[in-house]
Amino acid sequence: MIETMGVILRFHGVSISQASLEKRLGCPAGWGRESPNGLLSAQIDITPEDDCIHWENLVLSIQTLGESVKVLVEDNVVSMVELDIGLPFYDSSMGSWIRIPAELCEVAGRNRIAVTITYYLTTTDTE
């Protein structure tokens, strides 16, 4: 298992209301700020309860939301969707890397979802 700082499905360039987006996705979404062009952003927090990535569960989450997401992109209701996986980076002397399973890449790509890895500089418990 891989420790995570959060797993967020982000929607950029949203051109419909929050209620409409949530209805089309079938779940609640956090609402972001308006951009200079008047479009909004939204997000769904799919961080596991134990703060560890379980790839098979993440693949299932993306499969569940995937078709709705794909339709939103194809209908130009959102301009971009990204799966943002936040990972801790503890120290500059430690290498950090992640291998994303092919199944996740395939499901995300098929449903027009970009995958982003964000590293957060973090201190260890011993410091």
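Data block above holds the structure.
Summary of the structure given here.

Cut-offs and rules
Counting starts from 1 at the beginning of each chain's written sequence and moves along it residue by residue. Owing to the predicted nature of the model, reporting of local features is limited to residues with pLDDT of at least 70; listing and counting of side-chain atom pairs is limited to 80 or more, with chain, interface and lining totals taken over all residues. To obtain the side-chain values, all non-hydrogen atoms of the structure were included, while hydrogens and water were left out. Secondary structure elements follow DSSP: runs of H or I no shorter than four residues count as helices, runs of E no shorter than two count as strands, and numbering proceeds from the N terminus. Here, expected helix span is obtained from the residue count minus one, scaled by 1.5 Å. Note on bend: the value at a residue is the angle between axes fitted to the seven residues ending there and to the seven starting there. At least two DSSP bridges between two strands are needed for those strands to be called paired. Salt bridges, as used here, are contacts in which a Lys or Arg side-chain nitrogen is within 4 Å of a carboxyl oxygen on Asp or Glu. With a 1.4 Å probe rolled over the protein chains alone, any residue whose accessible area is under 20% of its type maximum counts as buried; one over 50% counts as exposed, and the rest are partly exposed. A contact between two residues is defined here by any heavy atoms of the two lying within 4.5 Å.

**Observations concerning helix α2 (residues 55-74)**
Each turn of an α-helix holds 3.6 residues, which means side chains three or four residues apart point in the same direction. Spanning 20 residues, α2 covers 26 Å between terminal C-alpha atoms, matching the ideal 28 Å at 1.5 Å per step. Considering bend angle alone, the principal kink of α2 is centred on G66 and spans about 50 degrees. The positive-phi residue at the C-terminal boundary of α2 is N76, with phi of around 60 degrees.

**Let's talk about the sheet that holds strand β2 (residues 6-14)**
The strand order across the open sheet formed by five strands is β3-β4-β2-β6-β7, and the pairing between neighbours is mixed. Lying at the two open borders of the sheet, with one neighbouring strand each, are β3 (30-31) and β7 (114-121). Two elements, β3 and strand β4 (residues 40-45), share two bridges in a ladder whose sense is antiparallel. In the sheet register, W31 faces β4, and the bridge partner there is A42.

**A short note on the pattern of salt bridges**
Summed over the entire model, instances satisfying the criterion amount to four salt bridges. A salt bridge links R10 to D84, with the nearest nitrogen and oxygen atoms 3.1 Å apart. Note that R10 is positioned in strand β2 and D84 in strand β6 (residues 80-89), a separation of 74 residues in sequence. Looking at R10, the relative accessible area reads 21%, which means it is partly exposed.

**Thoughts on the pairing of β6**
Of all ten residues in β6, eight are buried; the element is thus mostly enclosed. The sheet contact formed by β2 and β6 spans seven bridges and is antiparallel. When the bridges of β6 are listed, G6 appears paired with G86. Relative to β7, β6 is paired through eight bridges, and the arrangement is parallel. Counterpart to G86 in the pairing with β7 is T118.

**Details of the side chain of T4**
Looking at where T4 falls in the secondary structure, it is placed in the loop between β1 (2-3) and β2. Sequence-distant contacts of T4, defined by excluding residues within four places in its chain, comprise T47, P48, D51, C52, I53, I85, G86, L87 and P88.

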